[in-house]
Amino acid sequence: MTETINVITICGSLRKGSYNAALAWQLPSLAPSGMSIKAAPAWDKIPIYNFDIQNSSGFPAEVTAWADAIRSADGVIIVSPEYNWSIPGGLKNAIDWVSRLKDVPFKDKPVALQSCAGGVLGGARMQYHLRQCLTSIDAHLFGKPEILVTFAPKKFDEKTLELNDQPTIDIVKQQLVGFEKYVRRVSGKH
Ligand SMILES: Cc1cc2nc3c(=O)[nH]c(=O)nc-3n(C[C@H](O)[C@H](O)[C@H](O)COP(=O)(O)O)c2cc1C
């Protein structure tokens, strides 16, 4: 019998009507049968990184909870907007915090990326910055297919935020199938 792959999603947007959050919450319904997908704990209460905080009172509880969830997952899917051609500051800050832990949770962790953006590039520049940043802490970045949801407002239902663009749904499903295989290869879980 095959073991279920446990994946967590991290969303880079805190906005109530976020397209990235909407995509993240719809992933369980698009996942192959061997993959379970749950949301990671929130990162929005993590303070701005300061070595003095780490040094005086240790790692904040929100940081260790986030790190524990990443550590215990078989794989991570980051679904994030692009801010000013790069990674949203809050998400980068959370990654910076966990990178200072002794047992860095992203080490050897399979990670897939997805982004939704209002424009024509779909968050591509943010994804390449995330690839660079996560490679520096020894994560394993999944390659193709890439999920870059361009002109996001046209691809989600205006009221329910349900993803209603069939080519996008199809490619997201393809990525999840490929990511399941990749996670099994990297983690050795069969
Ligand atoms: C601070 C800020 C910077 C942004 N910079 C970019 C950008 O560099 N590239 C881009 O495609 N969209 C950019 N946008 C627009 C986002 O793609 C758009 O607001 C998107 O809907 C945000 O994702 P969300 O719906 O998940 O919150 C920016 C938005 C904000 C708030």
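Here the structure is a predicted model, which is why all the values come from computation and not from measurement.

A.B. asks: Run through the site of the ligand, naming residues and quoting values.
C.D. replies: By nearness alone, 13 residues border the ligand, and Ser 13, Arg 15, Ser 18, Asn 20 and Trp 85 come closest of all. Tyr 19 is positioned such that a nitrogen or oxygen atom in its backbone is 3.0 Å from an oxygen atom of the ligand. Within the complex, 69% of the 610 Å² of free accessible area of the ligand lies under protein. Residue composition of the shell around the ligand, grouped by class: five nonpolar, five polar and three charged.

A.B. asks: I'd love a proper account of the packing of helix 1 (residues 19-30) against helix 6 (residues 166-187), names of residues and values included.
C.D. replies: For the pair helix 1 and helix 6, interaxial distance at closest approach is 10 Å and the crossing angle is 70 degrees. It follows from the interaxial angle that helix 1 and helix 6 lie roughly perpendicular. In the crossing of helix 1 with helix 6, the sense of the turn from one axis to the other is right-handed. Together, Leu 23, Leu 27 and Leu 30 of helix 1 and Ile 169, Val 172, Lys 173 and Leu 176 of helix 6 make up the contact between the two elements.

A.B. asks: Can you explain the nonpolar core? Please cite residues and give values.
C.D. replies: Looking at soluble globular proteins, one finds that nonpolar side chains tend to be buried together. Grouped together as the largest cluster of nonpolar side chains are 31 residues, with contacts concentrated most on Ile 10, Trp 66, Ile 78, Ile 95, Phe 106, Val 111 and Leu 134. For this core, the secondary structure elements donating two or more residues are strand 1 (5-11), helix 3 (61-72), strand 3 (75-79), helix 4 (89-98), strand 4 (110-116) and helix 5 (124-135). Apart from residues no more than four positions distant in its own chain, Ile 10 is found in contact with Ala 40, Trp 43, Trp 66, Ile 70, Val 76, Ile 77, Ile 78, Val 79, Leu 91 and Phe 106. Core analysis: the second largest hydrophobic core is formed by 27 residues, Leu 23, Phe 156, Leu 161 and Leu 176 among them.

A.B. asks: Please set out the pairing of strand 3 residue by residue, giving values where relevant.
C.D. replies: The buried count for strand 3 comes to five of five residues, which makes it a mostly enclosed element. Pairing of strand 1 with strand 3 involves five bridges; the strand directions are parallel. By the bridge assignment for strand 3, Ile 8 is matched with Val 76. With four bridges joining them, strand 3 and strand 4 adopt parallel strand pairing. Of the residues in strand 4, the one forming a bridge with Ile 77 is Ala 112. Crossover connection from strand 3 via helix 4 to parallel strand 4: handedness right-handed.

A.B. asks: Break down the layout of surface pockets for me, citing the residues and quoting the values.
C.D. replies: The volume enclosed by the largest pocket comes to roughly 240 Å³. Thr 9, Ile 10, Cys 11, Ala 39 and Ala 40 are the residues nearest the centre of the largest pocket, which is lined by 17 residues in total. Listing elements by their share of the lining of the largest pocket, those giving two or more residues are strand 1, helix 1 and strand 2 (35-39). Looking at which element gives the most residues to the lining of the largest pocket, the answer is helix 1, with four residues. Here the residues of the lining of the largest pocket are counted per class, giving 13 nonpolar, two polar and two charged.

A.B. asks: A description of helix 5 should follow, citing residues and the corresponding values.
C.D. replies: With 12 residues, helix 5 extends 16 Å from end C-alpha to end C-alpha; this agrees with the ideal 16 Å at 1.5 Å per step. Residues of helix 5 that are buried: Ala 124, Met 126, Gln 127, Leu 130, Arg 131, Cys 133 and Leu 134. Check the buried side of helix 5 and you find it contacts strand 3, helix 4, strand 4, strand 5 (140-141) and strand 6 (147-149).

A.B. asks: Before we move on, can you summarise helix 6 with the specific residues and values?
C.D. replies: Over its 22 residues, helix 6 extends 31 Å from the first C-alpha to the last, a length consistent with the 32 Å expected when each residue adds 1.5 Å. All of the buried residues in helix 6 are Thr 168, Ile 169, Val 172, Gln 175, Leu 176, Phe 179, Glu 180, Tyr 182, Val 183 and Arg 184. Positive backbone phi, at 80 degrees, marks Gly 188, one or two positions downstream of helix 6.

Here is what the cut-offs are and how they apply
- Residues numbered from 1 in each chain as written.
- Predicted model: local features only at pLDDT ≥ 70, side-chain atom pairs only at ≥ 80, totals over all residues.
- Heavy atoms only, no water.
- Near = heavy atom within 4 Å.
- Polar contact = N/O pair within 3.5 Å; in protein donor to acceptor, adjacent residues only side chain to side chain.
- Areas by Shrake-Rupley, 256 points an atom, 1.4 Å probe, with all protein chains shown as cover.
- Nonpolar A, V, L, I, M, F, W, Y, C, P; charged D, E, K, R; others polar.
- Axes fitted to C-alpha atoms, helices over the stretch in contact; angles between N-to-C directions.
- Helix = DSSP H or I, 4+ residues; strand = E, 2+ residues; numbered from the N terminus.
- Parallel < 35°, antiparallel > 145°, perpendicular 65-115°, else oblique.
- Left-handed = near helix turned anticlockwise from the far one by under 90°.
- Contact = heavy atoms within 4.5 Å.
- Core = buried A, V, L, I, M, F, W, Y, C linked by side-chain atoms within 4.5 Å.
- Buried < 20%, exposed > 50% of the residue type's maximum accessible area, 1.4 Å probe, protein only.
- Pairing = 2+ DSSP bridges.
- Right-handed = clockwise from strand over helix to strand, strands pointing away.
- 1 Å grid on protein atoms, 1.4 Å probe; cavity = no way out; pocket = protein on both sides within 12 Å on 5 of 7 lines; lining within 4 Å.
- Points joined across faces, edges and corners; volume = space filled by probe spheres on them.
- Expected span 1.5 Å × (residues − 1).

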